[in-house]
Amino acid sequence: MIDQGQAWQAVKRRDRAFDGRFVTGVMSTGIYCRPSCAARHPLRENVRFFADGQSARAAGLRPCKRCLPDDVGRDEAAVMAAVDEIRRAEDAPTLAVLAQITGYSPTHFQKVFKRATGLSPAAYARALREERAREALSAGYSVTGAIYEAGYSSPSRFYDDTKGKLGMTASDWKDGGKGRTVHWSVIDTSLGSMLVAATEQGVCCLSFNEDEGDLARRFPEAELVEAGEEFRDLFRQVTAAVENPGQATLASIPLDVKGTAFQQRVWQALREIPAGETRSYGELAAALGNPKASRAVGGANGANNIAVLIPCHRVIAADGSLGGYAYGTQIKAELLEREKSR
Ligand SMILES: [Zn+2]
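Every chain is numbered on its own, with residues counted from 1 as its sequence reads. For this predicted model, a pLDDT threshold of at least 70 governs which residues receive local features, and a threshold of 80 or more governs which side-chain atom pairs are given and counted, while totals over whole chains, interfaces and linings are taken from all residues. With hydrogens and water excluded, all non-hydrogen atoms of the structure serve as input to the side-chain values.

Put simply, DSSP H or I for four residues or longer makes a helix, DSSP E for two residues or longer makes a strand, and each gets a number counted from the N terminus. Among the structural elements, alanine 82 can be located in helix α3 (residues 72-88). For every residue, the accessible area obtained with a 1.4 Å probe (protein chains only) is divided by the maximum for its type, and the residue is called buried under 20%, exposed over 50%, and partly exposed between those limits. Taking the relative accessible area as the measure of exposure, alanine 82 reaches 0% and is therefore buried. Between the C-alpha atoms of alanine 82 and threonine 102, which are 20 residues apart in sequence, the distance is 7.4 Å. Note on contacts: a residue pair qualifies if any of its non-hydrogen atoms lie within 4.5 Å across the two residues. Leave out the neighbours within four places in its chain, and alanine 82 touches Leu98, Phe109 and Phe113.

UniProt positions are given in the numbering used here, feature names are shortened, and annotations may be inferred rather than shown by experiment. Feature annotation in UniProt assigns "binding site: Zn(2+)" (unreviewed entry) to the following positions: Cys33, Cys37, Cys64 and Cys67. The named residues occupy 35 residues along the chain; their greatest pairwise C-alpha distance, 8.7 Å, places them in one compact cluster. Note on placement: cysteine 33 falls in strand β2 (residues 31-33). Taking relative accessible area as the criterion, cysteine 33 reaches 11% and is therefore assigned buried. Discounting residues that sit within four places of it in the chain, cysteine 33 has contacts with Val23, Thr24, Cys64, Cys67 and Pro69. Topologically, cysteine 64 is positioned in the loop between β4 (62-63) and α3.

Let us look at helix α1 (residues 4-13). Buried within α1 we find Ala7, Trp8, Ala10 and Val11. For α1, the arc enclosing every buried residue in end-on projection is 160 degrees, short of the 170-degree limit, so these residues lie on one face. Backbone geometry just after α1 places arginine 14 at a positive phi near 50 degrees. Along the arc lie the directions from the helix axis toward the C-beta atoms.

Fitting a line to C-alpha atoms yields each axis, with helices limited to the stretch in contact; the angle taken between N-to-C directions then spans 0 to 180 degrees. Between α3 and helix α5 (residues 106-117), the shortest axis-to-axis distance is 10 Å and the interhelical angle comes to 85 degrees. On the basis of their axis angle, the class for α3 and α5 is roughly perpendicular. Two secondary-structure elements touch here, α3 through Asp75, Ala78, Val79, Ala82, Val83 and Ile86 and α5 through Phe109, Val112, Phe113, Arg115, Ala116 and Thr117. Split into classes, the residues belonging to the contact of α3 with α5 amount to nine nonpolar, one polar and two charged. Throughout this description, any angle smaller than 35 degrees is read as roughly parallel, any larger than 145 degrees as roughly antiparallel, any in the 65 to 115 degree range as roughly perpendicular, and the remainder as oblique. Residues were grouped as follows: Ala, Val, Leu, Ile, Met, Phe, Trp, Tyr, Cys and Pro as nonpolar; Asp, Glu, Lys and Arg as charged; and all remaining residues, including Gly, as polar.

Topologically, alanine 81 is positioned in helix α3. A residue is classified by how much of its surface remains accessible, and alanine 81, at 31% relative accessible area, is partly exposed. Separated by 21 residues in sequence, alanine 81 and threonine 102 place their C-alpha atoms 7.2 Å apart.

Where helix α4 (residues 95-102) contacts α5, the two axes come as close as 9 Å, and the packing angle between them is 85 degrees. Classed by the angle they form, the pair α4 and α5 counts as roughly perpendicular. Contact residues: Leu95, Leu98, Ala99 and Thr102 in α4; Pro106, Phe109 and Gln110 in α5. Classifying every residue of the contact of α4 with α5 gives five nonpolar, two polar and no charged.

Printed below as a string of structure tokens:
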């Protein structure tokens, strides 16, 4: 049985990684929950932890109708079966098909899948195909060859899928962003000098105490120009997000990210950590459905070009200490402090 203090911390964080490892019995209401249940937290003095649903029921408790604590194993099996099907299928299977395979209703299955992977089944299928296309490209296929190799029915389908999300076409990936224009500016903030850069599609870089030279190292083939009037509004929004990190405006700032499907999942998971909260690499890996992937998660975190807007500062060391940060721990500590006191 898990340590009580650790269990209570997991409940307070609504940590999905602990689902299936114990259940939270609420003696005052007679109900037991998953550690991650979205319902309002009970008072600590009313809580008793049980190893599983069976022992909670033996103590006279009923399963919560909201988090369905007895379905953890079934949910995991359903997600694995769906991932298998998506990987195997020629065309991305519809939600209805996946629901039928797993025995859930489409809406419920969508929720279960998203909770486990951070993406809807359709977005997962798209990300998988994009990753395959990129792998084929780096293996030396032509752009068109890579597109078919990855399972797209036509090049236009590929461009439709990737447009807007990544802001870069397949040929850009192959030659390191050649032919692309990156507009940059260095702005004074209360955290120090901030380098911000964007393409027409969105912000592609945010860093501290860096200059044009650092930008050139990140985008070696792109054309770098000082940002003009047309980027003023966007950069003003970015500055506001840095001065008040964790505000709702974050989601409205378009990003132009360049990364593998796995990296994008990690970045998405980072954006889902509520402002004012932190996670360890291990917890993040578990939230992505693969507790053993914490080193890979660390690598994806480090490959992130966009500080603050993809909040990699919310990842701390497993022992609860601050851990490292690309732009120095002082900035990291300040960002977390601002989010906490928001
Ligand atoms: Zn519950």
